[in-house]
Structure formats: structure tokens, C-alpha cells
Amino acid sequence: QVQLVESGGGLVQTGGSRRLSCAASGTAFSITAMGWYRQAPGKQRELVATMPTGGNTIYGDSVKGRFTISGDNAKNTVYLQMNSLKPEDTAIYYCNIVVRGWYGTRTGDYWGQGTQVTVSS
């Protein structure tokens, strides 16, 4: 199967920046989409950004112009550069990888363990 390992979360001041990373490992798969979601306390999980392979990147309305998603296909890694952070960006951030698998690797969604980002006012 596919394993995802996230890194980069932590505490940052309002107006600051943070970069999240998510590396996918495993065998017999190809990535068809990479993305990030977040969940704040008491709220539903929401889309931050998604980047289909060969498709258009989509950002959530609340992060447009401040966050940038990018990927390194050679490393099977997706990044989220977060700038001009606000207290309302505080949440657990989850990476999401959609893969096509073969030789026993499941085709579908995989999720990272989540990384906490806290923006202090």
C-alpha cells in the first residue's frame, strides 16, 4: 500500500509563513492527484488545495492568493506553501493523495496522519 508522511506543522505568528510537506512511499502506484485539506476544532474538514495530474489546481476560497500547492513527481511529494497566515488558518492539515495502483496496491485515496498548524494572534 501507500504510506504518507507529513511534516512542517508548528506554531507561527500572524502574517508569517510555513511550508508543509507530504511524501508518499510504497510500490506499484502512480499519483493522479495531490491535495491538502484541513480541519479546525468543531468544524468539518475542508479543501485547501487540490492538484490533479495534468489538470487545473483548485484552491479553497479562504486561502486563494496566500497558499500555493506544488508537487515533485520524482519524489512523490506534495508541498503547501502558506503565506500571510491568519489565526483562522489554525487547524490540522491533512495531505491527500489519489493513486492508481496495481499488483495489489489499492487504487483510491490515501490520507496523511495530519499535522497541526497553529497561528498565534
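Described below are features of the structure shown in this document.

1. Section: the sheet that holds strand β8 (residues 77-82)
Then step 1. An order of β1-β3-β8-β7 is seen for the 4 strands of this open sheet, with the pairing classed as antiparallel. Only two strands of the sheet have a single partner each, and these edge strands are β1 (3-7) and β7 (67-72). Here the strands of the sheet are splayed against their neighbours by 15° on average, with no regard to which way each runs.
Then step 2. As paired strands, β1 and strand β3 (residues 18-25) are joined by 5 bridges and run antiparallel to one another. Its bridge partner lying in β3, S7 is registered against S21.

2. Side note on the pattern of salt bridges
Then step 1. Under the definition given, this model contains 4 salt bridges.
Then step 2. One network of salt bridges, in which partners are shared, links R38, E46, R66 and D89.

3. Thoughts on the packing of aromatic side chains
Then step 1. Taken as a whole, this structure holds 1 aromatic pair when the rule is applied.
Then step 2. The ring of Y79 carries R19 above its face, with NZ or CZ at 4.0 Å from the centroid.
Then step 3. The ring of Y94 has R45 sitting right over it, with the charged end atom 3.9 Å from the ring centre.

4. A closer look at unusual backbone geometry
Then step 1. The backbone phi angle of N76 is positive, close to 50°, even though this residue is not glycine.
Then step 2. Residue position: N76 is located in the loop between β7 and β8.
Then step 3. Its identity as a non-glycine residue notwithstanding, S84 has a phi of 50°, on the positive side.
Then step 4. Structurally, S84 is set in the loop between β8 and β9 (91-101).

Cut-offs used in this document
- Residues numbered from 1 in each chain as written.
- Predicted model: local features only at pLDDT ≥ 70, side-chain atom pairs only at ≥ 80, totals over all residues.
- Heavy atoms only, no water.
- Pairing = 2+ DSSP bridges.
- Helix = DSSP H or I, 4+ residues; strand = E, 2+ residues; numbered from the N terminus.
- Axes fitted to C-alpha atoms, helices over the stretch in contact; angles between N-to-C directions.
- Salt bridge = Lys/Arg side-chain N within 4 Å of Asp/Glu carboxyl O.
- Phe/Tyr/Trp six-rings, centres within 6.5 Å; stacked < 30°, edge-to-face > 60°.
- Lys NZ or Arg CZ within 6 Å of the ring centre and 35° of its normal.

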